Amino acid sequence: MDTVVVYKVDRLTRSLTDFAKLVELFDVHAVSFVSVTQAFNTTNSMGRLTLNVLLSFAQFEREVIAERVRDKVAASKRKGMWMGGGLPLGYINRDKKLIIVPEEAETVRWIFRTYIEMGSIGRLLQKMDQEDIRSKRRKPTDGRGSGGCRFGPGSLGYLLRNRCYVGEIAHKGLIHAGDHQPIIERELFDAVQTQLKSGAVDRKLRHARTPYLLKGKLFDSAGNRMTPSHSVKKGVRYRYYVSQAILGSRPAEAGRISRVSAPELEALVEETLRKRFASAPGRSLGATGLVETHLERAVVQYDAIELSLTNSGGNAIEIVTLAWQRKPHTAEKGQTAELPPTHRDAKARDVLLAAIGKARSWIKDLGDGVTIAGIAKLEGKGERQIRLLLPLAFVPPVKVRALVDGVMPAATVTELSRSVPLVWEPV
């Protein structure tokens, strides 16, 4: 490119700041700038002054026009006029006024009433799929239709919060009385807003209390992000990662594994990162720091976990595949365990042997002067958990050999730790 030609200077930009950057870019690449209807010479001070004056007026004009448009929109909304945008379900636009469509209005009333009954957007989405309720169909002037899609959690939440349904217009945080007829009674609308706010506060507090190591980095095999979730049974909190397709009531779009235990997966990923980057600067990092620094993405396959690893500079270096299988006891209701007993036992033995090796390395660190607090910080675990697992370093060799040979029934890590004898039998 040799020359940039415009009709007037303000056709290039109406911002002094942007123009200064463009001129600098032109100079770097030896590109000339020409305005057909304006004569100026930027090689001398007077020409640059003239250009800046022209641009100053162009920027002033742009800002005045923007202010007038904003003032016009605000004034019209104060009068209750509909100023464009996506039409809400239940209305059509006629001369900047919303007119009720009876069939769609009844659908909106059903959605609000059903949400109060069910108390959950997820369950409401499932019900709407069963009733085949879709978003508003639109027919633009160019002939291409749009809409008619299934609702998602975001679009359904927006519908339930839309103040148009009670005859109001919202603008810049202010609420104005609209000149259209409401579809929803005020009492029902207020009840829905109270329920929505209560659910939002509960979710916010829940996520703030519960750390999820792989939040934002975990995906199922179909490419859906896996979101932190939990359940409480007999006072015990169980943490999970659940596919967004499941949360969005789209089970057919979920990967083969759509729900995984958070502690099990986090422990596997953390252990892998520590082994892989043992000599890297991230060795002193906690679990969260390791994941933030070296893990770009984790994908849950049916029989493996794929980790996309990065170096300290954020550059991708390799993809690691870890053998993994969801434990049968975490199977969802209505699904049978898919692993044969021998495979389950092998997985359990591998976990036990890995824990024994970890405990032995901790004992060695303690002998070198490292404290339990230091080990806990390095491992990203609590001191109580370290103390609970340390006895695994003294599992009798006979039991270790039985585990390796597969002749000893596989127990849990906690059970094995608590069963370590104070005195070994002679070998």
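So, here's what we can say about the structure. (Residues numbered from 1 in each chain as written. Predicted model: local features only at pLDDT ≥ 70, side-chain atom pairs only at ≥ 80, totals over all residues. Heavy atoms only, no water.)

A few points about the layout of surface pockets
If a probe as big as a water molecule is rolled over the atoms, it shows which places are left empty.
Part 1: The calculated volume of the second largest pocket comes to roughly 520 Å³.
Part 2: Gly86, Leu87, Pro88, Tyr158 and Asn162 are, among the 26 residues lining the second largest pocket, the residues nearest its centre.
Part 3: Of all the secondary-structure elements, those providing two or more residues to the lining of the second largest pocket are helix H5 (153–161) and strand E5 (168–171).
Part 4: No other element matches H5, which puts 4 residues into the lining of the second largest pocket.
Part 5: Grouping the amino acids of the lining of the second largest pocket by side-chain chemistry returns 13 nonpolar, 6 polar and 7 charged. (1 Å grid on protein atoms, 1.4 Å probe; cavity = no way out; pocket = protein on both sides within 12 Å on 5 of 7 lines; lining within 4 Å. Points joined across faces, edges and corners; volume = space filled by probe spheres on them. Helix = DSSP H or I, 4+ residues; strand = E, 2+ residues; numbered from the N terminus. Nonpolar A, V, L, I, M, F, W, Y, C, P; charged D, E, K, R; others polar.)

Some remarks on the nonpolar core
Part 1: Counting residues in each nonpolar core, the largest one holds 28 residues, and the members touching the most others are Ile111, Phe112, Leu160, Tyr165 and Ile184.
Part 2: Looking at this core, the elements with two or more residues in it are helix H3 (102–118), helix H4 (121–130), H5 and helix H6 (186–209).
Part 3: If one sorts the elements of this core by residue count, H3 sits on top with 5 residues.
Part 4: Not counting residues within four places of it along the chain, the set of residues in contact with Ile111 comprises Leu89, Leu124, Met128, Ile133, Leu156, Leu159 and Leu160. (Core = buried A, V, L, I, M, F, W, Y, C linked by side-chain atoms within 4.5 Å. Buried < 20%, exposed > 50% of the residue type's maximum accessible area, 1.4 Å probe, protein only. Contact = heavy atoms within 4.5 Å.)

Topic: a positive patch on the surface
Part 1: Among the surface-exposed residues, Lys72, Arg78, Lys79 and Lys96 lie close enough to one another that they form a single positively charged patch.
Part 2: Along the chain, the position of Lys79 falls in the loop between helix H2 (45–78) and strand E3 (91–93).
Part 3: Lys79 sits in the exposed class, given a relative accessible area of 62%. (Patch = residues over 30% accessible without salt bridge, like charges linked within 9 Å, V, L, I, M, F, W, Y side chains within 5 Å. Areas by Shrake-Rupley, 256 points an atom, 1.4 Å probe, with all protein chains shown as cover. Salt bridge = Lys/Arg side-chain N within 4 Å of Asp/Glu carboxyl O. Lys, Arg positive; Asp, Glu negative; His and termini not counted. Charge placed at Lys NZ, Arg CZ, Asp CG, Glu CD.)

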